[in-house]
Structures are given as structure tokens and as C-alpha cells.
Amino acid sequence: MRTWLESRIAAARADQVAAERAGYGQHDECDKAAAEEMICTLLKTGEAASLQSAFTDALKRLLDRDEFTWRGVYDDTRFERHARTAIRKILKMTKANAGFENTKRYQ
């Protein structure tokens, strides 16, 4: 799990750089990548990346958060929506125990 999270963080950072270079029209893509980076970074710490039950609990706790703040965000409202979407996506993947082989770009 930890290697998947690390590869997703690296891919999200690369996606942010590509979106930044593309200009104003890609700010939403940059926010999506930043949201995924934030969620994976928060999940990587602690025992959440070691046990599936702890990982699921950490995802549920993140989903219950009131707000998300992260650096380099263009639109806070969209960023929060992207963060919640990323959490739900990873939660669905965890329940099905599938999709963790994909380490490139958005899934």
C-alpha cells in the first residue's frame, strides 16, 4: 500500500507541473492533482498504510473532515470537492481491493 501511495504522490506532482505549464485553462486539473497528492500524503503517514482496516478507517475520518487546506490551490471549493471525490474513489478501491496496480495519472 505504501508503495502505491508514494507512486500516486509522484504522479500527482507530475500532473500538477504539467497542468501549471498548460496555463489558466488547466487550473482545475492542477487542483485535482493537488487533492490526490494531499489525500495520499495524509494516508501515507502512520499505520494507515500498513493495515487495510486502518486504511479504511483513515479514509472515513478524512471524509468526515470539515475542510481541506493545501498549498498551491486555485479554487478552494473545487479543491474540497476533488479531495472528497478522491477519498471516495480510494475507499471504493479499498472495499473492492482492486485498482491499486495503476500508478500512473488519474485512475
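This one's a predicted model, so the numbers in the text were calculated from it and none came from an experiment.

A.B. asks: Just give me the short version of helix H1 (residues 2-22), but keep the residues and values in it.
C.D. replies: Since the α-helix turns once every 3.6 residues, residues separated by three or four places project in the same direction. Between the first and last C-alpha of H1 there are 30 Å, a value that for 21 residues agrees with the 30 Å anticipated at 1.5 Å per step. Among all positions of H1, only Trp-4, Leu-5, Arg-8, Ile-9, Ala-11, Ala-12, Asp-15, Gln-16 and Ala-19 are buried. Immediately beyond the C-terminal end of H1, within one or two residues, lies Gly-23, with a positive phi of roughly 105°.

A.B. asks: Can you break down the packing of helix H2 (residues 27-44) against helix H3 (residues 52-63) residue by residue, with the values?
C.D. replies: In the contact formed by H2 and H3, the axes pass within 10 Å of each other and the chain directions differ by 130°. Looking at the two axes, H2 sits oblique to H3. H2 and H3 meet at a crossing whose hand is right-handed. Contacts between H2 and H3 pair Ile-39, Leu-42 and Leu-43 from the former with Phe-55, Ala-58, Leu-59 and Leu-62 from the latter.

A.B. asks: Tell me about the side chain of Gln-16, residues and numbers included.
C.D. replies: Along the polypeptide, Gln-16 turns up in helix H1. You can call Gln-16 buried: its relative accessible area is 12%. When sequence neighbours within four positions are dropped, the list of residues in contact with Gln-16 reads Cys-30, Ala-33, Ala-34 and Glu-37.

A.B. asks: Before we move on, could you go through the environment of Lys-32 and cite the residues and values that matter?
C.D. replies: Assignment of secondary structure puts Lys-32 in helix H2. Along the backbone, Lys-32 and Gln-16 are 16 residues apart, and their C-alpha atoms lie at a distance of 8.4 Å.

A.B. asks: Can you lay out the packing of aromatic side chains for me, pointing to particular residues and giving the numbers?
C.D. replies: Evaluated as defined, the whole model comprises one aromatic pair. Seen from their ring centres, Trp-4 and Phe-100 are 4.9 Å apart, and the 85° between their planes marks the pair as edge-to-face. Here Trp-4 is found in helix H1, whereas its partner Phe-100 is found in the segment after helix H4 (76-96), with 96 residues between them in sequence. Since its relative accessible area comes to 5%, Trp-4 is described here as buried.

A.B. asks: Just give me the short version of a negative patch on the surface, but keep the residues and values in it.
C.D. replies: A contiguous patch of negative charge, built from Asp-64, Asp-66, Glu-67 and Asp-76, is present on the exposed surface. Position of Asp-66 among the secondary structure elements: in the loop between H3 and H4.

A.B. asks: Residue-level account of H2, with values.
C.D. replies: The end-to-end C-alpha distance of H2 is 26 Å, a good match for the 26 Å that 18 residues give at a rise of 1.5 Å each. Within H2, the full set of buried residues consists of Cys-30, Asp-31, Ala-33, Ala-34, Ala-35, Glu-36, Glu-37, Met-38, Ile-39, Cys-40 and Leu-43. Contacts made by the buried residues of H2 are with H1, H3 and H4. Following H2 by one or two positions, Gly-46 adopts a phi angle in the positive range, close to 75°.

A.B. asks: Give a description of the packing of H2 against H4 that names residues and reports values.
C.D. replies: Two elements in contact, H2 and H4, have axes whose closest approach is 8 Å; the angle formed by their N-to-C orientations is 50°. Accordingly, the angle class assigned to the pair H2 and H4 is oblique. Here the hand of the crossing between H2 and H4 comes out right-handed. Contact with H2, carried on its side by Asp-28, Asp-31, Lys-32, Ala-34, Ala-35, Glu-36, Met-38, Ile-39, Cys-40 and Leu-43, involves Arg-78, Phe-79, His-82, Ala-83, Ala-86, Ile-87, Lys-89 and Ile-90 of H4 and no other residues of that element.

The rules behind the values
- Residues numbered from 1 in each chain as written.
- Predicted model: local features only at pLDDT ≥ 70, side-chain atom pairs only at ≥ 80, totals over all residues.
- Heavy atoms only, no water.
- Helix = DSSP H or I, 4+ residues; strand = E, 2+ residues; numbered from the N terminus.
- Expected span 1.5 Å × (residues − 1).
- Buried < 20%, exposed > 50% of the residue type's maximum accessible area, 1.4 Å probe, protein only.
- Axes fitted to C-alpha atoms, helices over the stretch in contact; angles between N-to-C directions.
- Parallel < 35°, antiparallel > 145°, perpendicular 65-115°, else oblique.
- Left-handed = near helix turned anticlockwise from the far one by under 90°.
- Contact = heavy atoms within 4.5 Å.
- Phe/Tyr/Trp six-rings, centres within 6.5 Å; stacked < 30°, edge-to-face > 60°.
- Patch = residues over 30% accessible without salt bridge, like charges linked within 9 Å, V, L, I, M, F, W, Y side chains within 5 Å.
- Areas by Shrake-Rupley, 256 points an atom, 1.4 Å probe, with all protein chains shown as cover.
- Salt bridge = Lys/Arg side-chain N within 4 Å of Asp/Glu carboxyl O.
- Lys, Arg positive; Asp, Glu negative; His and termini not counted.
- Charge placed at Lys NZ, Arg CZ, Asp CG, Glu CD.

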